[in-house]
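# Topology and contacts: notes
In case you want the letters, here they are:
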Amino acid sequence: MQLNKYLDVSPEVAAAVAQGKPVVALESTIISHGMPYPQNVETALQVESIIRENGAVPATIAVIGGRLKAGCSKEDIEHLGKKGLSVTKASRRDLATLVARGEDGATTVTTTMIIAHMAGIKIFATGGIGGVHRGAETTMDISADLEELAHTPVMVVCAGAKSILDLGLTLEYLETHGVPVMGYGTEELPAFYTRRSGFKVDYRVDSPAELARIFSVQQELGFHGGMLVTNPIPEEFSMDPEVINKAINDAVGEANAKGIHGKEITPFLLDRIQQLTGGDSLHSNIELVFNNARLAAKTAAELCKL
Ligand code: PSU
Ligand code: MN
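Residues numbered from 1 in each chain as written. Chains lettered and ligands numbered in written order. Predicted model: local features only at pLDDT ≥ 70, side-chain atom pairs only at ≥ 80, totals over all residues. Heavy atoms only, no water.

## Observations concerning the packing of aromatic side chains
In the structure shown here, the tally under the stated rule is 1 aromatic pair. The interplanar angle of 80° and the centroid separation of 4.8 Å between the aromatic rings of F192 and Y193 together place this pair among those described as edge-to-face. There is no split in this pair, since F192 and Y193 are both buried. One Lys or Arg, K162, reaches over the ring of F192 and ends 3.5 Å from the middle of that ring. (Phe/Tyr/Trp six-rings, centres within 6.5 Å; stacked < 30°, edge-to-face > 60°. Buried < 20%, exposed > 50% of the residue type's maximum accessible area, 1.4 Å probe, protein only. Lys NZ or Arg CZ within 6 Å of the ring centre and 35° of its normal.)

What follows is the structure, given as structure tokens:
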């Protein structure tokens, strides 16, 4: 396969892809913008170990010095975690400029999907995706993640979406763009910190093998889009809905009062929620990422058998 000239695939990831072995992509915005240092680096490294324990090769994705990386080194991860918010949060519109200027970028769900696809990786595990923000009917703030899910053939395993978003409108947008929303072991869309949202997913799926089969058929049908797999946070780590919803509402209120918008709003809300819940939400956030990594690794292994 002719790889993009701006892409570096690590030798381990390249070998696994070439041999048809399971590989799971991981994003880096969650490292630089989603969690504080040093928990961000510890979590990123532990997620990689969990993927290995479950039989797949991890490929953490980022932009380092203008190179698109599929398979970051430990040093790259440490660098992204330490630099934190000063690393550009890189969505689709940012990639060309960062590459041309030789800069670093922390990849969102959007750009992780793009780079994973360039490298031949089909499955990606993360915490939460971006979506239609509350108030989007006036702000038009709709994450590029939804558009990427419509066009790029990568399965994204997440814990649903935080109710910093308008979950109903997010599902409507995905439906319009033909993105299937699967619930792993559930008929209800999980709300990231909690297992329930009151909204239905499109299909409940109960095994990694079936997820792999449906995704594979979608590709064979010639559809070019992705698939969203929503995996509820394990019961023991889920939060009290009243506590977390109050924190979310307060954080959204503050963001509106301060006029925060655009790419800054998601990192602002994530950070405020962590402060308002005294670190409980960070613990839940870490555990749900581990849970998604396990499911993604198992699904990647099933996909390789087909
Ligand atoms: N939602 C979360 N955690 C995150 C993000 C979203 O619960 O870390 C990050 C992801 O990288 C996602 C990005 O792709 O924020 C979406 O940003 P925006 O809303 O600006 O599109
Ligand atoms: Mn946005």
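## Quick word on the pairing of strand 4 (residues 67–70)
The side chains of a regular strand alternate between the sheet's two faces. By the bridge criterion, 3 bridges tie strand 1 (residues 7–9) to strand 4 in an arrangement that is parallel. Residue pairing in the sheet places L7 in a bridge with L68 of strand 4. The antiparallel hairpin formed by strand 3 (residues 57–64) and strand 4 contains 2 residues in its connecting segment, where G65 sits at a positive phi of about 55°. (Pairing = 2+ DSSP bridges. Helix = DSSP H or I, 4+ residues; strand = E, 2+ residues; numbered from the N terminus.)

## Overview of the site of ligand 1
In the vicinity of ligand 1 there are 15 residues, among which E27, K89, S143, D145 and K162 approach most closely. V109 is positioned with one of its backbone polar atoms (N or O) 2.8 Å from an oxygen atom of ligand 1. One nitrogen or oxygen atom from the side chain of S143 is found 2.7 Å from an oxygen atom belonging to ligand 1. Most atoms of ligand 1, that is more than half of them, are within 2 Å of grid points of the largest pocket. Across the shell around ligand 1, the residue classes break down as 4 nonpolar, 7 polar and 4 charged. (Near = heavy atom within 4 Å. Polar contact = N/O pair within 3.5 Å; in protein donor to acceptor, adjacent residues only side chain to side chain. 1 Å grid on protein atoms, 1.4 Å probe; cavity = no way out; pocket = protein on both sides within 12 Å on 5 of 7 lines; lining within 4 Å. Sits in = over half its atoms within 2 Å of the grid points. Nonpolar A, V, L, I, M, F, W, Y, C, P; charged D, E, K, R; others polar.)

## Here's the deal with a nonpolar patch on the surface
A surface patch of nonpolar side chains, about 310 Å² in accessible area, is lined by V217, L221 and F223. As for its placement among the helices and strands, F223 is situated in the loop between helix 10 (208–220) and strand 11 (227–230). (Patch = residues over 30% accessible without salt bridge, like charges linked within 9 Å, V, L, I, M, F, W, Y side chains within 5 Å. Areas by Shrake-Rupley, 256 points an atom, 1.4 Å probe, with all protein chains shown as cover. Salt bridge = Lys/Arg side-chain N within 4 Å of Asp/Glu carboxyl O.)

## Quick notes on the pattern of salt bridges
Pairing between side chains of opposite charge can happen when their charged atoms approach one another. Counted by the stated rule, this structure contains 13 salt bridges. Residue D8 pairs with K69 through a salt bridge whose shortest N-O separation is 3.0 Å. With D8 in strand 1 and K69 in strand 4, this residue pair connects regions lying 61 residues apart in the sequence. Here D8 falls in the partly exposed class, since its relative accessible area comes to 24%. Under the relative-accessibility criterion, K69 is labelled buried at 18%. Between D104 and K83 there is a salt bridge; the shortest N-O distance is 3.1 Å. With D104 in the loop between helix 5 (95–101) and strand 6 (105–107) and K83 in helix 4 (residues 74–83), this pair connects stretches of sequence that are 21 residues apart. For K83, a relative accessible area of 34% translates into the label partly exposed. One network of salt bridges, with partners in common, ties together D8, R67 and K69.

## Quick word on the layout of surface pockets
Roughly 640 Å³ of internal volume is contained in the largest pocket. K89, G130, S143, D145 and T266 are, among the 35 residues lining the largest pocket, the residues nearest its centre. The element that contributes the greatest number of residues to the lining of the largest pocket is helix 12 (residues 265–276), accounting for 4 residues. In the lining of the largest pocket, the residues fall into 12 nonpolar, 16 polar and 7 charged. Roughly 400 Å³ of internal volume is contained in the second largest pocket. (Points joined across faces, edges and corners; volume = space filled by probe spheres on them.)

## Overview of helix 8 (residues 144–151)
By the burial criterion, the buried members of helix 8 are D145, L146, E148, L149 and A150. Considering only its buried residues, helix 8 is in contact with helix 6 (109–119), strand 8 (155–158), helix 9 (167–176) and strand 11. With a side-chain oxygen lying 3.0 Å from the backbone nitrogen of D145, the N-terminal cap of helix 8 falls on S143. (Contact = heavy atoms within 4.5 Å.)

Honestly, that's just the spatial picture; any functional story needs more than this.
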